[in-house]
Amino acid sequence: MVILRDVSVIWSLFHILVLFIMLYRSRYSRRKTIFLTVLTMLPLIILNVAGLIIYGVGFMGKVFILTCTLPSLLVFWFISEDKKGRFFFTFCLADTLAYWIILVTNLLDFYFGGGQYILMFVGRFAMFPLVEWAAVRYLRKPYLELQESVTRGWGIFAGMTALYYILLAAFANFPVIITQRPQELPALLLVLVLMPMTYAVIFSSLYRQLLLYRRQQSELILQEQKHALEIQLENQQQIRRMKHDMKGHTVTLSGLLAAGKTQEAQEYLNDVNMEMDSLMGQFCANPYVNAIFVQYSQKFQEIQADFRQNILIGDEELPYMDLCRILSNGMENAYDELKELDRGEREISVKMKYSHDYLVIRIKNRCRKGLHVEKGTLPPSSKGGSEHGFGLAIVRESAEHLGGDMLCYTEDLHFVLDVMVRVKSM
């Protein structure tokens, strides 16, 4: 009946890989990921099964971390897109869940199956596919979305899962396997019960972060829609004013032409065209980007700020959702800062231009004398609420989503926000 034990070990090791592959993000295509996994993990599985046959369960249980866990950790770390907390948490999660099943089936077979390995084989054959089905049905999609959206807070969860894995491995195998230490079995059972409860708490916390992220994204979209509607309303009011003013312009032009003053009529008509362009807010040809500049041009005008622009883009298709989010949050941050300055000091410039495959954005505004921001950090809070600084965090997140980066710093009493996003390859 030893063959059942060996087959169940191979089955377990195979499904550890399946469970992990379902939950982590590879930097390669699925086909290449599967190829690399088979190429590296198959020899490792064979070596561990051979060690189990030659040296027995007791010895291999003690060295399993060295012979299987650490080598597979290095292989998947190389393949994974994530290299920090997200990867280590996912790796430890898959290993700990699998090790939990292995321990439970070992104990069930020893105490209720007479050590014949039948109950072990049946339990592992059923439990691993059941766990994978549950992972695909309920966990995989939100978990991958969570890895994509939440970049911080994974380290402490990874540390907890790693400690659980070490605790289970040590409890089950040192100084001898747990079945030879029946007096310590109740403590191990408590750990086996506590582990799923701990994971439930972890995933509950992570899911709350996901819901918070979704809510923030929804609020941003609603805010942008609100801004767009406000701009449309303002444009309609401006159009009505222009229609009213056009009657006076028509009378003036008719009088000039009737008097034979064609040159004066031409100059007057040019002035009318410039006024119309100014009212409509023609900052650039891209309608989405232009709408943001129209809105903030009005806001800066209200506080009498010197607003300069150098927008070197056309009407080409751009990732406008993220791009408008970057511009609106960057200029809102500048607006908040300029309001606190004297009127003569309120100045801001915005530049947009292409550099190879990237669109480079620089927002530069005067700032208060006490503000000092080193490159790579966010400015300290000057508002009482905890929401301050959220706008720049959104800028960074949007830039990273577009394959770029953000940098802010202070120099010569100016706050500089530099953003670079990839646009040409889209």
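Our subject is the structure listed above.
Residues numbered from 1 in each chain as written. Predicted model: local features only at pLDDT ≥ 70, side-chain atom pairs only at ≥ 80, totals over all residues. Heavy atoms only, no water.

A short note on the packing of helix H1 (residues 2-23) against helix H3 (residues 85-112)
Step number 1: Relative orientation of the contacting elements H1 and H3 amounts to 145 degrees, with a least axis distance of 9 Å. Where H1 crosses over H3, the handedness of that crossing is right-handed. For the pair H1 and H3, the contacting residues are Ser 12, Ile 16, Leu 19, Phe 20 and Leu 23 in the first and Phe 87, Thr 90, Phe 91, Leu 93, Ala 94, Asp 95, Leu 97, Ala 98 and Ile 102 in the second.
Step number 2: In terms of residue class, the contact of H1 with H3 is made up of eleven nonpolar, two polar and one charged. (Axes fitted to C-alpha atoms, helices over the stretch in contact; angles between N-to-C directions. Helix = DSSP H or I, 4+ residues; strand = E, 2+ residues; numbered from the N terminus. Left-handed = near helix turned anticlockwise from the far one by under 90°. Contact = heavy atoms within 4.5 Å. Nonpolar A, V, L, I, M, F, W, Y, C, P; charged D, E, K, R; others polar.)

Concerning the sheet that holds strand S2 (residues 347-355)
Step number 1: Read across the open sheet, the five strands follow the order S1-S2-S3-S5-S4; overall the sheet is mixed. The outermost strands of the open sheet, each flanked by one partner alone, are strand S1 (306-311) and strand S4 (405-411). Sheet twist, expressed as the mean angle between neighbouring strand axes with direction ignored, is 10 degrees.
Step number 2: Together, S1 and S2 form the strand contacts of helix H8 (residues 287-302), whose direction differs from that of S1 by roughly 165 degrees.
Step number 3: This element, helix H9 (residues 320-339), spans S1, S2, strand S3 (358-366) and strand S5 (414-422) of the sheet and lies at about 10 degrees to S3. (Pairing = 2+ DSSP bridges.)

Some details on the side chain of Asp 418
Step number 1: Relative to the elements of secondary structure, Asp 418 occurs in strand S5.
Step number 2: Only 2.7 Å separates the side chain of Asp 418 from the side chain of Arg 362, close enough to count as a polar contact.
Step number 3: If sequence neighbours within four positions are ignored, Asp 418 has contacts with Ile 361, Arg 362, Asp 405, Met 406, Leu 407 and Tyr 409. (Polar contact = N/O pair within 3.5 Å; in protein donor to acceptor, adjacent residues only side chain to side chain.)

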